[in-house]
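Descriptive analysis of the structure
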Amino acid sequence: MKILTVTDIRELIQIIGLENFFKHVIAALEEDFGRWNEFILSPRHGTYYPDGVIELMPCADQQLYSFKYVNGHPGNPHKGKLTVVAIGLLSDVGSGYPLMISEMTLLTAFRTAATGVLAAKYLAREEAKSLAIIGTGAQAEFQVLAFAGFFQLEEVRFFDTDSQAMVKFSKNLTRQKFRLIPCGSIVEAVRHADIVITATAAKKRQSLFEFADLSPGAFIHAMGGDCPGKTELSAEFLHQVKLVVEYKPQSLVEGEVQQCAADLIYAELWELVCKHKPGRQNNDEIMLFDSVGFALEDYSILRVVYELAKEHQLGTESALIPELNDPKDLFGFLNP
Ligand code: NAD
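Notes on the structure in this doc start here. These figures come from a predicted structure and were not determined experimentally.

Calculation criteria
Residues numbered from 1 in each chain as written. Predicted model: local features only at pLDDT ≥ 70, side-chain atom pairs only at ≥ 80, totals over all residues. Heavy atoms only, no water. Helix = DSSP H or I, 4+ residues; strand = E, 2+ residues; numbered from the N terminus. Buried < 20%, exposed > 50% of the residue type's maximum accessible area, 1.4 Å probe, protein only. Contact = heavy atoms within 4.5 Å. Lys, Arg positive; Asp, Glu negative; His and termini not counted. Charge placed at Lys NZ, Arg CZ, Asp CG, Glu CD. Near = heavy atom within 4 Å. Polar contact = N/O pair within 3.5 Å; in protein donor to acceptor, adjacent residues only side chain to side chain. Areas by Shrake-Rupley, 256 points an atom, 1.4 Å probe, with all protein chains shown as cover. 1 Å grid on protein atoms, 1.4 Å probe; cavity = no way out; pocket = protein on both sides within 12 Å on 5 of 7 lines; lining within 4 Å. Sits in = over half its atoms within 2 Å of the grid points. Nonpolar A, V, L, I, M, F, W, Y, C, P; charged D, E, K, R; others polar. Core = buried A, V, L, I, M, F, W, Y, C linked by side-chain atoms within 4.5 Å. Salt bridge = Lys/Arg side-chain N within 4 Å of Asp/Glu carboxyl O. Axes fitted to C-alpha atoms, helices over the stretch in contact; angles between N-to-C directions. Parallel < 35°, antiparallel > 145°, perpendicular 65-115°, else oblique. Left-handed = near helix turned anticlockwise from the far one by under 90°. Points joined across faces, edges and corners; volume = space filled by probe spheres on them. Phe/Tyr/Trp six-rings, centres within 6.5 Å; stacked < 30°, edge-to-face > 60°.

Per the secondary structure count, the chain includes ten helices and 15 strands. Along the first, second and third principal axes, the C-alpha atoms of the chain reach 70 × 45 × 40 Å. Each of the 336 residues in the chain was classed as buried or not, and the buried ones make up 55%. Within the chain, contacts between residues separated by at least 24 positions form 70% of all contacts whose residues are at least 6 apart in sequence. Of the side-chain charges in the chain, 31 are positive and 43 negative, and the distance between the mean point of each set is 4 Å.

Let us look at the site of the ligand. Around the ligand, 27 residues are found, and the nearest of them are Thr83, Ala138, Asp160, Asp226 and Lys230. A distance of 2.6 Å separates an oxygen atom of the ligand from a polar atom in the side chain of Thr83. Ala138 places a main-chain nitrogen or oxygen 2.9 Å from an oxygen atom of the ligand. Look at the ligand: alone it shows 860 Å² of surface, and the protein chains cover 90% of it. At a threshold of 2 Å from the grid points, most atoms of the ligand map onto the largest pocket. The residue makeup of the shell around the ligand, split by class, is eleven nonpolar, eleven polar and five charged.

Our focus in this paragraph is the nonpolar core. Generally speaking, a soluble globular protein has its nonpolar side chains buried in company with each other. Ranked by internal contacts, the top residues of the largest apolar core, which has 105 residues, are Phe21, Phe147, Phe209 and Phe219. With eleven residues, the top contributor of residues to this core is helix H3 (residues 105–123). Excluding anything up to four places from it in sequence, Phe21 contacts Leu12, Ile13, Ile16, Leu107, Phe110, Ile301, Val304, Val305 and Leu308.

Before going further, it helps to examine the pattern of salt bridges. Overall, the coordinates contain 22 salt bridges when judged by the stated rule. Where salt bridges share partners, they join Glu31, Asp32, Arg35, Glu38, Asp61 and Arg303 into one cluster.

Another aspect to go through is the packing of H3 against helix H4 (residues 140–148). At a closest axis distance of 8 Å, the pairing of H3 and H4 adopts a crossing angle of 40°. Of the possible angle classes, the one that applies to H3 and H4 is oblique. Seen along the crossing, H3 lies across H4 with a hand that is right-handed. On the side of H3, the interface is formed by Leu106, Ala109, Phe110, Thr112, Ala113, Ala114, Gly116, Val117 and Ala120, while H4 contributes Phe142, Gln143, Ala146 and Phe147.

A few words now on the layout of surface pockets. What the largest pocket holds in volume is close to 1,200 Å³. If you go around the largest pocket, you meet 50 residues; those closest to its centre are Thr83, Gly137, Ala199, Thr200 and Ala201. Secondary-structure elements contributing two or more residues to the lining of the largest pocket are strand E3 (52–60), strand E4 (64–72), H3 and helix H5 (163–172). No other element matches H3, which puts six residues into the lining of the largest pocket. A breakdown of the residues in the lining of the largest pocket according to their chemical character gives 21 nonpolar, 18 polar and eleven charged. Among the elements that take part in the lining of the second largest pocket, helix H2 (residues 18–33) stands out by supplying three residues, more than any other. By residue class, the composition of the lining of the second largest pocket is eight nonpolar, three polar and three charged.

A few words on the packing of aromatic side chains. By the definition in use, this model includes 14 aromatic pairs. Measuring from ring centre to ring centre gives 5.1 Å for Phe150 and Phe151, while their planes differ by 70°; the resulting arrangement is edge-to-face. On the basis of relative accessibility, which here comes to 39%, the residue Phe150 falls in the partly exposed class. For Phe151, a relative accessible area of 4% puts it in the buried group. Taking the centre distance of 4.7 Å and the plane angle of 50° together, the rings of Phe158 and Phe169 count as tilted. Here Phe158, found in strand E8 (residues 155–159), pairs with Phe169, found in helix H5; they are eleven residues apart in sequence, far enough to count as distant. With respect to burial, Phe158 and Phe169 carry one shared label: buried. Here the aromatic residues Phe33, Trp36, Tyr247, Trp270 and Phe294 are joined through ring pairs into a cluster of three or more.

Here you go:
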């Protein structure tokens, strides 16, 4: 079985390039959301603690089975730890044998950004040039670079309550084609933006901005609110925009839409990908993709990374599963 570490993923990105990697992941996501009915889907299993959540996220079709272990602890950075870390597993359905265990802290950041771009393909204005991001923590650069690979961004406006996080963000993005504009408030950041990403971490109900703070036609990728009681936008705001989610049974518990009735949701993402419902229908409507992170996205990136790791001979084969001459003689394995 293959083990892929954070160093292996870093090497993979160095070999194939960040933009190219995003293209692979977005294509796989579009393909998999496009065959939605072939998957065995379920909401993730969350275990809630005062400081955060630990979640298990399974997804399978008739070939592959995947699951991810992931946490969400907004107070972790104060202890020198990441808010979100993850590992994942991919198995062969035919034998039930695991094929690969992979780090998924980096892969979660990649797939969340790639899913945001997939949603934006249907929901944002094609000529979007200005992007604003609120919350410049661990996910932020991944988000911005994924969008910059798809849209001709001219400016990226950003705000965080932590000025150090804003400095880190601009250092990491100095050599990009777009202008970086640090902002003194959320409203200053979002006011003229075509694309708004909310990527804050706070275990409470927030209302980052109001409808009147946005430009007509804006697309919002609301990705920071992803737990019961952890939201970024008000119920009143949700009633004023067109809402798209990943998977209603999970989103209604965890997403911004936990604050409203199911019939307020316009569509699930797969319905746009499969052309069952149109995406954006005019240049003025404000569209919101209420992302919480869905197991299908982990499935997609794990299958991409498994193939790329084989192609580029990355990762280590490890004996986590016994190899036996006689599969009934497990006990005999103990006598070398
Ligand atoms: P992080 O802790 O590294 O960064 C979050 C940033 O938000 C911090 O810099 C913090 O100072 C800032 N912040 C908090 N409240 C703010 C406010 N009111 N205004 C401006 N900035 C504020 O966390 P991260 O790993 O970047 O994750 C961000 C959020 O996204 C978390 O809530 C996480 O759970 C969520 N997340 C969602 C998905 C998904 O699939 N939807 C995937 C990964 C992470």
